[in-house]
Every structure is written in structure tokens, then in C-alpha cells.
Amino acid sequence: MIDVSKGTARRLVDIHGWSAAVLGLALYIVVFSGAIVVFSHEIGNWSVSGHKQGEGIAGNIDAKLISLAEQVDEDYLEEVTLFQNSAGELITFFHTHVNNDEGELEEKGTRFVLDPDSLEILSRDDGFREDMPIISSGFLERFYIDLHVRLHAPGVIGLYLTGILGLILFVSAVSGFILHRHLIKDVFLSPRLSTRLMNTRDRHALAGTWGLVFSILLAFTGAFFSFATTLGLPVIAITAFAGDQHLALETIIGIPEAEDDTPKNFVGLEAIITNSQQEDVAGSTPIFIAVQHWGRADSRVITTHGPTAEGSMFFTNHRYDGVTGEYLGEKPGLGNVPSTGSTVIGLIGVLHFGWFAGLLSRIIWLSLGLAMCYVTLTGLQLWVQRREKSDTWQSLSRFISVIGYGLPFSMVTAAVGFLFSYSSSEYDVENWTVTGFLLGVVLSFIVGFVYPVAEQREKLFQKITGLGFISLPIIRLLTSEQSWAEYSHAIAVMSMDISLFITGLILLVLSTGIMRAKRFNVKASVETSATEPAFEAKA
Amino acid sequence: MSVQLITLLACAVSFTCLVYLRNRDPKRRRVFRLAVWDKKRYPTLAWLLCFIPGVVLLYIEQYSAFIMWLAALSLIGWTVALPKPKV
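Conventions we followed
Residues numbered from 1 in each chain as written. Chains lettered and ligands numbered in written order. Predicted model: local features only at pLDDT ≥ 70, side-chain atom pairs only at ≥ 80, totals over all residues. Heavy atoms only, no water. Salt bridge = Lys/Arg side-chain N within 4 Å of Asp/Glu carboxyl O. Buried < 20%, exposed > 50% of the residue type's maximum accessible area, 1.4 Å probe, protein only. Helix = DSSP H or I, 4+ residues; strand = E, 2+ residues; numbered from the N terminus. Pairing = 2+ DSSP bridges. 1 Å grid on protein atoms, 1.4 Å probe; cavity = no way out; pocket = protein on both sides within 12 Å on 5 of 7 lines; lining within 4 Å. Points joined across faces, edges and corners; volume = space filled by probe spheres on them. Nonpolar A, V, L, I, M, F, W, Y, C, P; charged D, E, K, R; others polar. Arc of directions from axis to C-beta. Contact = heavy atoms within 4.5 Å. Axes fitted to C-alpha atoms, helices over the stretch in contact; angles between N-to-C directions. Buried area = accessible area lost by both parts, 1.4 Å probe. Polar contact = N/O pair within 3.5 Å; in protein donor to acceptor, adjacent residues only side chain to side chain.

Engineer: Describe the pattern of salt bridges, with residues and values.
Structural biologist: Residues and elements named next belong to chain A. Enumeration according to the criterion identifies twelve salt bridges over all chains in this entry. The partner of Arg201 in a salt bridge is Asp202, and the shortest N-O contact between them spans 2.7 Å. For the pair formed by Arg201 and Asp202, the shared burial category is buried. A salt bridge links Arg296 to Asp298, with the nearest nitrogen and oxygen atoms 2.8 Å apart. Overall, Asp298 belongs to the buried group, its relative accessible area being 11%. The structure contains a network of salt bridges with shared partners spanning Arg192, Arg201 and Asp202.

Engineer: Break down the pairing of strand β6 (residues 300–305) of chain A for me, with residues and values.
Structural biologist: Residues and elements named next belong to chain A. Of all six residues in β6, six are buried; the element is thus mostly enclosed. Both faces of β6 are covered, namely the face carrying Arg300, Ile302 and Thr304 and the face carrying Val301, Thr303 and His305. Relative to β6, strand β5 (residues 288–292) runs antiparallel, the two being bridged by five bridges. Within β6, the residue paired with Ile289 across the bridge is Thr303. Of the strand pairs in this sheet, β6 and strand β7 (residues 316–321) are connected by six bridges, and their pairing is antiparallel. What sits directly across from Thr304, in β7, is Asn317.

Engineer: Hey, could you go over unusual backbone geometry for me, with residue numbers and the actual values?
Structural biologist: For Leu119 of chain A, which is not glycine, the phi dihedral falls at a positive 60 degrees. Following the sequence through the fold, Leu119 of chain A ends up in the loop between β3 (105–114) and β4 (121–128). In this structure, Glu61 of chain B takes a positive phi of about 60 degrees despite not being glycine.

Engineer: Quick rundown of the layout of surface pockets? Include the residues and the values.
Structural biologist: Where empty space is left can be seen by rolling a probe of water-molecule size over the atoms. All names here are of chain A. Estimated volume of the second largest pocket: approximately 670 Å³. As for the second largest pocket, its lining consists of 37 residues, and the residues nearest its centre are His16, Ser172, Gly176, His204 and Gly379. Residue contributions to the lining of the second largest pocket peak at nine residues, all from helix α1 (residues 6–36). Partitioned by chemical class, the residues of the lining of the second largest pocket number 20 nonpolar, twelve polar and five charged.

Engineer: Explain helix α3 (residues 62–69) of chain A residue by residue, including any values.
Structural biologist: Residues and elements named next belong to chain A. Taken together, the buried positions of α3 are occupied by Asp62, Leu65, Leu68 and Ala69. Relative to the axis of α3, the buried residues are bounded by an arc of 130 degrees and lie together on one face. Looking at the packing, one finds that the buried side of α3 touches β1 (79–84), β2 (90–99), β3, β4 and α9 (270–276).

Engineer: So what about the sheet that holds β6 of chain A? Which residues, and what values?
Structural biologist: All names here are of chain A. Spatial ordering of the open sheet is given by β4-β3-β2-β1-β5-β6-β7-β8, a layout of eight strands whose pairing is antiparallel. With partners counted over all chains shown, the strands left at the sheet margins are β4 and β8 (327–331), one partner each. Each strand axis lies, on average, 20 degrees off the axis of its neighbour in the sheet, ignoring direction. Against the sheet, α3 contacts β1, β2, β3 and β4, and its axis sits at roughly 35 degrees relative to β2.

Engineer: Any details on the environment of Glu55 of chain A? Residues and values, ideally.
Structural biologist: Residue and element names in this part refer to chain A. Tracing the sequence through the fold places Glu55 in the loop between α2 (40–47) and α3. Taking relative accessible area as the criterion, Glu55 reaches 57% and is therefore assigned exposed. Dropping the residues within four chain positions of it, Glu55 is found in contact with Gln84 and Pro116.

Engineer: Please give an account of empty space enclosed by the protein that cites residues and values.
Structural biologist: Enumeration according to the criterion identifies four cavities of 30 Å³ or more in this entry. Size it by volume and the largest cavity reaches roughly 80 Å³. Elements that contribute at least two residues to the lining of the largest cavity include exactly α6 (196–210), α7 (212–240) and α11 (358–385) of chain A together with α4 (63–81) of chain B. Considering each element in turn, the lining of the largest cavity owes the most residues, four residues, to α11 of chain A. Grouping the amino acids of the lining of the largest cavity by side-chain chemistry returns nine nonpolar, three polar and no charged.

Engineer: An account of the interface of chain B and chain A is requested, with residue identities and associated values reported.
Structural biologist: Taken together, the contact between chain B and chain A spans 34 residues of the former and 37 residues of the latter. Between chain B and chain A, the buried area comes to about 3000 Å², and carbon and sulfur atoms account for 74% of it. Three residues, Lys27, Ile67 and Trp78 of chain B, lead the burial of chain B against chain A; their summed loss comes to 22% of the area buried on that side. Taken together, chain B and chain A are joined by one salt bridge. With a closest N to O distance of 2.5 Å, Lys27 of chain B and Asp186 of chain A form a salt bridge. Run the count over chain B and chain A and you get six residue pairs in polar contact (both at pLDDT 80 or more). Counting only elements with at least two residues in the side of chain B that touches chain A, the list comes to α1 (3–23), α2 (26–31) and α4 of chain B. Counting residues per element, the side of chain B that touches chain A draws most heavily on α4 of chain B, at 14 residues. For the side of chain B that touches chain A, a count of residues per class yields 21 nonpolar, six polar and seven charged.

This is how it looks when you write it as C-alpha cells:
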């Protein structure tokens, strides 16, 4: 596409190939799990069979919250958060901000998990937020999200890792764009069947070409989210605020108003939520509520609303007076007044999460993620096929199928572990979900090393993963002890069941080899002659 | 009209244009030994028409639909180009 010298092209080939060869499989894990967590809310709801019904956050919650406020340490009224998880449970956290043993500022307080219908306290935990036990009802969803966001690595290390992988994807996409000299000419070139190598190259180039723009966008936005707080904020603090991170954070989030600790009764949330649901305010039920300085004259309530299919495509925040309930206007994501920076941040979220327009945008974003996985895996296959004589690189081909199929399989076994443990003992949910995932990983490696022939290996992976997908709705039905007909009100649960079943069937059909590409021609036909892409010849 | 419907409509227009372009693509025809397309091709017009839904969506301020259409376009293009032509 862009004319570069031979030396530059060779260096770009090295960057494009080696970065993917070294980190491609880790990148695949992040991208695949990212594609799946576009439906995290539905996964969370499905995993508990949508059993928690009730008005939840939009119900009569004031009396309960006031009674909870009386049960906690007075310091914890500094900030109160409230949200409803995918399982439907209400989670409220009364907390303050104090330094932990390492000297880092952390949230410390009391967390209640409430039944959305009866508002009965399901659990109460005290202490630092990071030390609190997991909320079992949302754990499967959390497990998948953490796999995408931090690869389950501790602290900021995970964010750095995924941030670096985002940059690797960015570099690969840009270098691929520069290297592919016939980007426009080959845009409708179906993968040729002359040789396996040519076929893989064409499959990789075609998918990469069409997915180029969104690969770059998703890579950049993903890297931004990983680095924004871990690296971006300290750098901004050092460069613009003389190292004062608190001042930097206050400026970015919005400098708080003057404090007034005169005791005043908290107005309650019900009227505020009703107000925020009006079309001229947010037009939807808040997904998150934060109350600052509960029971003081300077109390403020911020309601956060998610994007809606027919409304705003951004997350929006609205401010209310915590004493009078008066609407104080919309609060931008950054700072106190609307700005270009705030819009850009909002747009980055829109482009990365794909939640901005309901089901259709989620389906498209899931498909984009899977298409990027395809580009990553075909790129790795191409790298290995070009090094057919190297035993070292041939061993990588096993890893490609072990990770390629092993990841979805392990995510399925994690879900199996979750379903069984959630129905029998909620306290073991974390252990069994993780154990399920690790068992899936071990099984994948066993299959990878027992079956040396790629075709056999892949067929077996397709079979076991397909059976795994089909087993999920069955296990969920058995463990939830309810018939399928009882879920007619829970659209997400029914849709997930059907989707999992169909995915499983597709994999089983694929495992029969019916859809496998026709044999490659041994003779190189005219297909190979015309215009060989530049990097094919150079590599 | 809902955002979803507008998006699907825009995708349908672009899909039609891409199928038209694919079937007349000279390299694809040459590589798979199809007969040379000897009639008029109008590739520029077809590409313009392919992107017109995006311009219209921006003009009528349907930004959600525009982003979805743009993202879907990359998937539609890929799935249109992927199948081997029937020789």
C-alpha cells in the first residue's frame, strides 16, 4: 500500500512477524475473552438462571438504605455506592478512603448484598474493598472480565500486560497495512487453494485487510484503558501537577465543591431515581449511584446511566443535591463542564465496549472480536508454515491449536465448575470456577500432545468444545432445578441457552470435516503467478 | 425508524454494492480463471454508493447507526470476499 525501501520492508516484516510470534497467543486470549465479555451482562444473568427477580434499584429502597446507614461506622458515610449486578442482587458499599498497610489510598467500609425483591441482607462484609470476599452470583462474569482486562495477573501487572498486548496489536495492524502492497487489488481475492501456505496467507491478508480499521481502533482503545490509570495518571501528575496525583485526579474528575459538614437528613434515592428516568434527564434507570457525604449539608448524589439503543450512546452522569433532591445538571465524565476531552473519552468507551446501541451493536462487536482472533491465529499459522523445516517452530503449531481451541474449551469448563458449585455451595464458587478453568487448560494440553497430527487434533478439539457448549444449557437447567418453560420471562437466559446449543452444534458439524477446505492443488496454477504480495516474497 | 433498522438498511445497501464489486473484480476473475468482464464496470460509482449510507447516517445525525454500519462493513466485506467463486 505504501511504497517503502527493501530494508524498511524487511524490518517491518520482522516487527510484524516476531511480535505476533512471541506474544500472538497471549494477544489471542485477550481478544477472544474481550469478544465474549461484550455479553458479560447476559453471561452473568444466565449463569444464575436469572433467578433474582424484583424491582431492585428502581424499587422502594430508601427505608432499607437509611436503616443500613445506621448500622455502619459513621466514617463510612463519606461515600455510599449502590448498583445491581447481573444476577439482580443489590450491592451497596458504605465507605471512606484510607491508606492501607502499603501506604496506598484504598476504600474501606461495609458492603451489603441485598435481595432485590425482599431487600433482605444476603451478606455483610467489613474492611478494605480489595480484601472482601467475592460476590458469588457475579463471579463467572467477573472471571471472564478479569481474563480480558488483566489476564488474572495481580495488581497493575495485568493491566500493563494487556496494555502492551494492545500496543502489539496496534503495531501489527499498522505494519501489516504498510507491508501489504496490493491492499486494494486483493480486497476481493478469495483465499487461493494452490498451496496450503498461499491459502493461509490469503486468509490472513483478507481478514486483516477488512478488519484493519477496527483492529487499530480496538487495539488503541484497549491499550488506553489499560494504561490510563496505571501509567497515564502518574505521567500527567508528574508533568502537569508537580507529582501531585490527588490534585491531578481532582482536576480530571472534577474539583469537589466547598465542604459543609453540618448534619442534614439525606433526601433518599427513590425520588432522584424517578427524576433521572424522565426523558429530558437520562431517560433510563441508573446502573450505578454514588452518594457523597451522606447526611451532611454538602451531600451530592451522582447517578450513572448506561447507553440505550434509542437514546445516548455514551454513559451519562447526573448530579443531584443530597439534601433537597434538586437536579443540578449533567456531569461530564471528565471535569465539571463539558469538554472535547470528555467527549473523546466517551467515544473511546463507545468504540471499545460496543454496548452503545443494544443487542445489534453487541453482536457486531462480538463478531469483530472473533474476526480479530481469526487474523491472529491465521497469522501464527502462516509463520509456522513458512518454517516447515524447523522443529522448534513446528512445536508452536501445537500450541496454536492448544490455545486456539483450548481457551474456549477452558472457558466452558470454568462455566461448568461455576454452575455446579453455585447450585450446591456458593462459598466454593471461586475455587470451582478456577479449578474448572485449569482442568480445561490441562485437558487441552493433553489433547495437544497426545495427537501429533494437526487435523486429528483439531477435530477432537472441535468435538469436545462442541459437546462442552451443548452441555452448558443442560447443566444449567439441571442445577437450577427449574424447567425451561419457567424462563419465558428471562430472555437473556433463553437466548444464551439457544446460542450455546447452536454454537456447540456448529462445532460438532465442523468436527465431521464436511466444511473443511478442498484439497490443495499440488501444481502451482496461475493463482500464484500474477501479483505476489511483497512481504510473501521477502519473508 | 429504529436505530437497528436504519443500520440494517445501510448495511444492506453496502452489501449489495460490495457483491457487485466482487463479481466484477478483475483480479479475482483472473486468479480464478473466470471469463473477463467485458461490459462496463463502474467501480468508482459502486464504491461511492457503498459509502453513501455512512454519509447519510452522519447527515441525519444517527451516530450510533453510523458506527455500527462502519464496523459491520468490515465484516460484510470480509464475508462477501471470502467464498471462492463458482467456476
